[in-house]
Amino acid sequence: MSRRFTVLSAMTLSLLITFAWTSLAVADDPKDEAIKKDRQRIEGTWRIVGLSINGNPAKEGDIAKLTVINRVDGTWTLRSEGEMVTKGTSTLDPTKKPKEIDFTATVGGGSGNHYLGIYQLGDSKRKMCFAPPGKPRPTEFESQPGSQIILVEFERKQTESKN
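Rules used throughout
- Residues numbered from 1 in each chain as written.
- Predicted model: local features only at pLDDT ≥ 70, side-chain atom pairs only at ≥ 80, totals over all residues.
- Heavy atoms only, no water.
- Core = buried A, V, L, I, M, F, W, Y, C linked by side-chain atoms within 4.5 Å.
- Buried < 20%, exposed > 50% of the residue type's maximum accessible area, 1.4 Å probe, protein only.
- Helix = DSSP H or I, 4+ residues; strand = E, 2+ residues; numbered from the N terminus.
- Contact = heavy atoms within 4.5 Å.
- Pairing = 2+ DSSP bridges.

1. Re the nonpolar core
For step 1, the next point in the chain: Among the nonpolar cores identified, the biggest contains 21 residues, and I48, F103, F130, V152 and F154 are the most heavily contacted of them.
For step 2, the next point in the chain: Put simply, the parts of the chain that give this core at least two residues each are strand 1 (44-53), strand 3 (66-70), strand 4 (75-80), strand 6 (99-108), strand 7 (114-121), strand 8 (125-131) and strand 9 (150-156).
For step 3, the next point in the chain: Excluding its chain neighbours within four sequence positions, the residues that come into contact with V152 are I48, G50, L51, R126, K127, M128 and F130.

Right, dumping it as structure tokens:
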């Protein structure tokens, strides 16, 4: 009887662990779905239409040269006049208020640097505000003098139709 009780206890314990593990996995599903949704919305080519660093707006002619290509897997490439400047990886947390983005440059300028930021996402426009490496994540979409914060505004680049 003791052996049967041990087998039943082991089976019950196994079922409880499985149930607990499944419950934890299900609990992450809304966050995972939100990440997947935002990644799909961000995917594509974006023109930079506004850039302010440390409270100083960049010249329109300079920012007009810049585009960012985002892929659904979280990788990105910054280009200036079509040439790669830097590229890297990102992680999102759309469940935070404001939504959070962390990204790391892996190739090119700033390689190895890790940035903490926030983002807003519309259908054809988006905003990102981030701090230089080692600085705390911004909480507002603003770049004030002395803040070292970088504010970037994007517009989705329209694809050319082949008519």
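2. Quick notes on the pairing of strand 8
For step 1, the next point in the chain: Buried residues dominate strand 8, accounting for five of its seven residues.
For step 2, the next point in the chain: In the sheet, strand 7 pairs with strand 8 via six bridges, with the strands oriented antiparallel. Looking across to strand 8, one finds that G117 is bridged to F130.
For step 3, the next point in the chain: Between strand 7 and strand 8, which pair antiparallel and follow one another directly, the connecting turn spans three residues.
For step 4, the next point in the chain: Bridge count between strand 8 and strand 9: six bridges; the pairing is antiparallel. Paired with F130 across the strands is I150, a residue of strand 9.

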